[in-house]
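Residue strings, one per chain:
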Amino acid sequence: MRVFRFLARRLLYSLVVLLGVLVVVFALVHLVPGDPVRIALGTRYSPEAYQALRSASGLDRPIVEQFVGYVGSALSGNLGVSFRNGEPVTVTLLDRLPATLSLAAAAIVIGLLISVPAGTWAALHQGRASDAIVRVATQFGVSIPDFWMGILLIELFATTLRWLPTSGYAPLISDPTGWLRHVILPGSTVGLVAAAIMTRYIRSAVLDVASMGYVRTARSKGLPPRVVTIRHILRNALIPVLTITGIQLATILGGVIVVEVVFAWPGLGRLVYTAVAARDYSLIQGAVLLIAALFLLINLIVDVLYSVADPRIRLS
Amino acid sequence: MTVDTYDRRASWRLALRNPLTLISAVILAVIVLAALTADRIAPYGVNKIDVPNALQPPSGAHLFGTDELGRDIFSRVLVGAHASLEVAAASVTFAFFVGVTLGVVAGYRGGWLDMVLMRVIDVMFAFPVLLLALAIVAVLSPGSTTTILAIGIVYTPIFARVARASTLSVRIEPFVAVSRTLGTGNVLILRRHILPNIASPVIVQTSLSLAFAILSEAALSFLGLGLQPPEPSWGRMLFDAQGFVHLAWWMSVFPGLAIFVTALAFNLLGDGVRDVLDPKQRTLLDARRKR
Amino acid sequence: MRRHELVVAVVVVLILSGCSTGQRVDLGDAASGTLVAAIAGEPDQLDPQKTSAHFSFEILENVFDTLVEPDENLEMRPALAKSWDISDDQLTWTFHLRTGVTFQDGSPFSANDVVYSYRRIIDQQLAPAYRFNAVTDISAPDPATVVIRVKQPTPNLLVDIGGFKGMAIVQRKNVESGAIATHPIGTGPFAFKSATSGDSISLVANKNYWGPAPVVSGVTFRFIPEASTALSALQAGEIDWTDSVPTQRVDELRGDDSITLGVTPSNDYWYQALNEARKPWNDVRVRQAVAYGIDRQAIVQATSYGTAVANQLAIPKGNPWYVDYQRYSRNLETAKTLLGQAGVKDLTMDLLATSDYPETVTAAQIVTDNLAPLGITAKIRTVDFATWLDEQNNGHFDMLMMGWLGNIDPNDFYYAQHHTGGKSNAQKFSNPQVDALLDAGRIETNREKRLDDYTKAATIIADQVSYLYLYNPSVIQAWNKRLSGYDVRRDGAVRFGTAKLN
């Protein structure tokens, strides 16, 4: 039952970090110079609206009580109301979450489609020109500003060639074809950068596995190289691949902001952007909390998977 | 793994033998030089508006063409280099000093101080980079100071982790234990043993972080939340170029290229140096660093 | 599924989907025949009597009605009122309402709703309240009649109550429940259906509309802030209509066969204003120095690419009340002399612009450049529109730029903005001569005398630089070939009631 002890320890640790996250997120609203409610109401200020918003956000109570209240409500799903239109934050967040999730999923798929073959190929040709090309290409991918790539992709594929729409969104469930057409460009923008990172990682993972004993044995057994590759190497590199996929997924969650803005993709990232522009502090708070919590959750799952695969880590 | 002074110098020379690293070092030198002399070598004023000459393609008079207000893009890219590099350098310096201090203290002291500091660092790691930077800018209002602060804060954890990891690996070395038994002061130990050892990975991280700081500042300025007009900034130039992509491709290509080349050069340099120091560094930690 | 089979499947789907370019994308609306319109921003709220945002009115134009409304030539015609009489002494207006009209929730419309709507504006002093300044009484002697009494002859009463949707007839229940801000109920051709924050607002056709029932089953307004994105979406058939057409692309679009471009001179005007509640902008010589310092042509060119008409007053050419005024041109010597006379130098200026209207940011940069040689250092502050409104109303600015939507009557061009204490007089201009002229022009029934009053008033307003008028933009909208039964209007009102999708 060492596994459960480990899992429990990991979970407890994550909860501690989550508490820290809650403190930071809570502090955000209180660090605003000036009165956040007043700023947000702007021209729609009226004493009634001001009072209503203030008490709905709990800002009229002492700080410690506010924090406890905030944590309590947050954990039960109540993240307050938007300063801009009074709608419950949780509802707005859940409204936008599927769009971001589907974009992240598409990006990961595209990333894997590129990085798994590329990383494997580079590893198997280590030291040769093709390996160097892949390594330089990954450096390019990591250094390119994603919004720049997005703008250029739109110009090429949408405006000039008219193959794809320039922006917008169709929900996956109700309109899969429309979703697919709309997700290709933004998904590729995020996916190509993710691919660059994942390729390097997969390359080194495959290198590690390829040098292991049983692969040498398989090769000396006279098995054709392709069989050796697919059967042994990939199967054993699968866990690291899953790991990097998880890490990238988490990273993408925070990194989609700019791409969502460029492509008018109505997800969490674009929501954060418009909330920041509108000084809607409670919405910013809620969105940051949700994304950070998802980030933590995915990292937790990744760590667990990794430790399941590698007993050495578990026991440390 | 300890690398003492003699090896380090040899490492640099070795690193520069790699053609990619050499090229990136040269490119960086050119960019930094251009940024420092930007005000003097820019052919036109950065805000020299000349509406009749708006949207001109690249030509002899305007190397990179003109924008929608007739401003010379080449001059703006040059001065933008100054702005972007300044922000990147300032924020990474902040992250460097705060992060390395935290990391060394945590790694050297150990115990509950280490635990507390590392939990704080973990909390900061729980936020995606751009998201936290956006939130900080939202609270404090956009501008260059806020941008530097936001990016600096967001990159502190990685320096802390790198510094701590190296400190830990040295602390357990026998000669350190011996020094302590002999009663050598902590400061001396730090100076003679710890700091030289953490220098290499931290330097590598600095180069990588500079690359990402350039990208982060560009993203923030693109969203309108970083450097404010009329201060020229590559990211902001891309934002302005969006309405003219079809009409004036040069408005989006050149600033984007500038961001790309600068970030690439920092990345290649950092990677080249790291390859020389430890080619086997392809761990989970490494993957997590690349944000 | 093995990896390579997955790859093949994805490629096939990609190819198949790539072959269907130009196809409409259904945004989840179950009914086909929904018109998709793209506007550049999201409404701040949907209460027509409280909002002042252009984006709100674009949508509310289709949801609400007024007693009378302007036709394509901006002449007032019957709407909720089918006819009206004026008493011989010109002080009593009697409106005869249509019968059988219902609100979109089925409840009946009557004269009481008109009285309630107008009283609400007056009692709560909402933004359009000044339009009732001459009104002394509003009553409903029977459910189909509304009587409005005025204290002096008011030639432009029809324009006042019907010129724009701020005077919309609202439903008491909808207002008192507070729902009107997010779920408005009106009598217009389209009813509010749903809103997705940050994405779109959907309207559905009102089958019980008192006028000809709409042909399209609904309208979805999508918010696409980037003009070039909206345009590309239009060209790709993603959307049917947009008014965020970047002016720099108008020339190119005229040659595009796949879309119809509607360009018409409008009654809108763009201006800059200096805050006279702050020193040194309270000194007319300083303001005039700025007026001589800026390069109007550059601003007009850079913000409209030849689609606007420069104008140093508000009323556009082609409008019968137009006055030709050409006093200012860029003259740094005169400007410096004026500054010297005022005894000021080395000024800083807080220049307020808003990211929601990019022309203000563009112009701000030009102004900064223009004023530098005069020793005026302008600092541009760019905020979102809601914040901009706040800053303007609280007087937190030195200079700003904005536009007002098309008006019809000269009173609407000048009164609220330049009369002492006017509801829209954020620059705090106050001139007793102008006040007297504006007050007189309001009640003057003799057209020639009226024109004279407004000519004099406008001249003083421009001489004293209450506003620095810049230009009259054109209304520019674009729609795809499927859309018929729609045309641009000079007042920029967006009405889809007669639109048809082929």
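Higher on the page you've got the structure.
First things first, this report covers the structure right here in the doc. Residue indices begin from 1 for each chain and proceed along its sequence in written order. Whichever chain is written first becomes A and whichever ligand is written first becomes 1, with later ones labelled in order. Per-residue local features of the predicted model are confined to residues with pLDDT of at least 70, and side-chain atom pairs are confined, for both listing and counting, to 80 or more; whole-chain, interface and lining totals are unaffected and use all residues. The side-chain values count all of the structure's non-hydrogen atoms but skip hydrogen atoms and water molecules.

Glancing now at the overall build of chain C. To qualify as a helix, a DSSP run of H or I must reach at least 4 residues; to qualify as a strand, a run of E must reach at least 2; elements of each kind are numbered from the N terminus. Along the backbone of chain C there are 15 helices and 21 strands. Taking the principal axes of the C-alpha coordinates as reference, chain C spans close to 85 × 70 × 40 Å. Burial classification: accessible surface area is computed with a 1.4 Å probe over protein chains only, and a residue below 20% of its type maximum counts as buried, one above 50% as exposed, and the rest as partly exposed. Here chain C, with 502 residues, has 60% of them falling under the buried criterion. Contacts were defined at the residue level, with two residues in contact if any of their heavy atoms lie within 4.5 Å. Within chain C, contacts between residues separated by at least 24 positions form 69% of all contacts whose residues are at least 6 apart in sequence. Carbon and sulfur atoms make up 51% of the accessible area of chain C, which amounts to about 19300 Å² in all. In this tally, Lys and Arg are treated as positive and Asp and Glu as negative; His is ignored, and so are the chain termini. To locate a charge, the coordinates of NZ of Lys, CZ of Arg, CG of Asp or CD of Glu are taken. Between the averaged position of the 45 positive side-chain charges in chain C and that of its 58 negative side-chain charges there is a distance of 1 Å. Every accessible area reported is derived by Shrake-Rupley at a probe size of 1.4 Å, with residue values counting cover from the shown protein chains alone.

This paragraph deals with the pattern of salt bridges. Salt-bridge detection follows one rule: a side-chain nitrogen of Lys or Arg within 4 Å of a carboxyl oxygen of Asp or Glu. Scanning all chains against the criterion turns up 32 salt bridges over all chains. The shortest N-O distance in the salt bridge between D114 of chain B and R164 of chain B comes to 2.8 Å. Of this pair, D114 of chain B sits in helix α4 (residues 111–125) while R164 of chain B is found in helix α6 (residues 144–171), placing the two residues 50 residues apart along the sequence. The exposure class assigned to D114 of chain B is buried, which follows from its relative accessible area of 11%. Classification of R164 of chain B by relative accessible area gives partly exposed; the value is 22%. Between R287 of chain C and E276 of chain C there is a salt bridge, and its shortest N-O distance comes to 3.5 Å. Of this pair, R287 of chain C sits in helix α8 (residues 284–293) while E276 of chain C sits in the loop between β13 (269–274) and α8; the two residues are 11 residues apart in sequence, bridging distant segments of the chain. Beyond isolated ion pairs, a larger network of salt bridges with shared partners links E61, E69, E72, R77, K165 and R495 of chain C.

A few words now on the pairing of strand β8 (residues 190–196) of chain C. Residue and element names in this part refer to chain C. Relative to strand β9 (residues 200–205), β8 runs antiparallel, the two being bridged by six bridges. From the neighbouring strand, A191 faces β9, where its bridge partner is V204. Following DSSP output, two strands are said to pair if at least two bridges run between them. Linking β8 back to β9 in an antiparallel pair, the connection comprises three residues, with G198 at a positive phi of about 80°.

The next point concerns the pairing of β9 of chain C. Residues and elements named next belong to chain C. Where burial is concerned, most of β9 is hidden: five out of the six residues are buried. By the bridge criterion, five bridges tie β9 to strand β10 (residues 218–223) in an arrangement that is antiparallel. Note that in β10 the partner of L203 across the bridge is V219.

Turning our attention to the sheet that holds strand β16 (residues 376–383) of chain C. Residue and element names in this part refer to chain C. Spatially, β14-β18-β13-β17-β15-β16 is the arrangement adopted by the six strands of the open sheet, whose pairing is mixed. With one partner strand each, in any of the chains shown, β14 (309–310) and β16 form the two edges of the open sheet. Note that β14 and strand β18 (residues 468–472) share two bridges and pair antiparallel. Its bridge partner being in β18, A310 is matched across the sheet by Y471.

This paragraph deals with the interface of chain B and chain A. With 44 residues of chain B at the interface, the matching set in chain A holds 52 residues. Summed over both sides, the interface between chain B and chain A buries roughly 4400 Å², with carbon and sulfur atoms accounting for 77% of that surface. Here chain B is connected to chain A by one salt bridge. Note that D271 of chain B and R200 of chain A form a salt bridge whose closest N and O atoms lie 2.4 Å from each other. What qualifies as a polar contact is a pair of N or O atoms within 3.5 Å, subject to a donor-acceptor requirement within protein and to the restriction that residues adjacent in sequence count only when both atoms come from side chains. Summed over the shared surface of chain B and chain A, the number is six residue pairs in polar contact (both at pLDDT 80 or more). Broken down by secondary-structure element, the contributors of at least two residues to the side of chain B that touches chain A are α4, α5 (129–140), α8 (186–222), α10 (249–277) and α11 (284–289) of chain B. The biggest single contributor to the side of chain B that touches chain A is α10 of chain B, with 12 residues. Note on residue classes: Ala, Val, Leu, Ile, Met, Phe, Trp, Tyr, Cys and Pro are nonpolar, Asp, Glu, Lys and Arg are charged, and everything else, Gly too, is polar. Across the side of chain B that touches chain A, the residue classes break down as 30 nonpolar, six polar and eight charged. The term buried area means the drop in 1.4 Å probe accessible area that two parts suffer when joined, counted for both and summed.

Here we come to the packing of aromatic side chains. Pairing of aromatic rings covers Phe, Tyr and Trp, the last counted by its six-membered ring, and requires centre-to-centre distances within 6.5 Å; plane angles under 30 degrees mean stacked, over 60 mean edge-to-face, and any other angle means tilted. Applying the stated criterion across every chain, the model contains 35 aromatic pairs over all chains. With a centroid separation of 6.1 Å and an interplanar angle of 40°, the aromatic rings of W249 of chain B and F254 of chain B are classed as tilted. Classification of W249 of chain B as partly exposed rests on a relative accessible area of 44%. Look at F254 of chain B and you get buried, because its relative accessible area is 15%. Ring geometry for Y292 of chain C against Y328 of chain C: centres 5.0 Å apart, planes inclined by 70°, an arrangement best described as edge-to-face. Placement of the pair is Y292 of chain C in helix α8 and Y328 of chain C in the loop between β14 and α10 (332–342), with a sequence separation of 36 residues. A relative accessible area of 12% places Y292 of chain C in the buried class. Linked through ring pairs, Y269, Y271, F413, Y414, Y467 and Y469 of chain C together constitute an aromatic cluster. Its guanidinium or amino end placed over the ring of Y415 of chain C, R442 of chain C lies 3.8 Å from that ring's centre, counting from NZ or CZ. Whether a charge lies above a ring is judged from NZ of Lys or CZ of Arg, which has to be within 6 Å of the ring centre and within 35 degrees of the ring normal.

This paragraph deals with the interface of chain C and chain B. Facing 14 residues of chain C, the contacting portion of chain B comprises 13 residues. Counting each side, the surface lost to burial between chain C and chain B is near 1300 Å², with a carbon and sulfur contribution of 60%. For chain C, the biggest contributors to the area lost against chain B are Q248, Y305 and Q365 of chain C; these three give 35% of the whole. Scanning the region where chain C abuts chain B turns up zero salt bridges. Summed over the shared surface of chain C and chain B, the number is one residue pair in polar contact (both at pLDDT 80 or more). Examining the composition of the side of chain C that touches chain B, we find that four residues originate from one element, helix α11 (residues 358–371) of chain C, more than from any other.

Here the focus is the sheet that holds strand β19 (residues 474–480) of chain C. Residues and elements named next belong to chain C. An order of β8-β9-β10-β1-β11-β19-β12 is seen for the seven strands of this open sheet, with the pairing classed as mixed. Looking at strand neighbours, the two that pair on one side only are β8 and β12 (259–265), the edges of this open sheet. Relative to β19, β12 is paired through seven bridges, and the arrangement is antiparallel. For L261, the partnering residue across the bridge sits in β19 and is A478.

What follows concerns the side chain of S130 of chain A. Tracing the sequence through the fold places S130 of chain A in helix α6 (residues 129–143). Other than its neighbours up to four places away in sequence, S130 of chain A contacts W121 and H125 of chain A.

Here we come to a nonpolar patch on the surface. Residue and element names in this part refer to chain A. Taken together, the side chains of L238, L242, L297, I301 and L305 make up a nonpolar region of the molecular surface, amounting to roughly 420 Å² of accessible area. Those elements giving two or more residues to the nonpolar patch turn out to be α10 (225–262) and α12 (281–309). With three residues, α12 is the single largest residue contributor to the nonpolar patch. Since its relative accessible area comes to 32%, L305 is described here as partly exposed. Patch definition: residues with relative accessible area over 30% and no salt bridge; like charges joined within 9 Å; nonpolar side chains (Val, Leu, Ile, Met, Phe, Trp, Tyr) joined within 5 Å.

With 175 residues, the main nonpolar core has V21 and F147 of chain A together with L223 of chain B as its most contacted residues. A per-element tally of this core places helix α8 (residues 176–210) of chain A first, with 15 residues. Look past the residues within four positions of L223 of chain B in its chain and what remains in contact with it is I257, V258, V261 and Y273 of chain A together with L134 of chain B. Side-chain atoms within 4.5 Å are what join buried Ala, Val, Leu, Ile, Met, Phe, Trp, Tyr and Cys residues into a set we call a nonpolar core. In terms of nonpolar packing, the next biggest core, distinct from the first, is built from 107 residues, V63, A335, Y357 and L438 of chain C among them.

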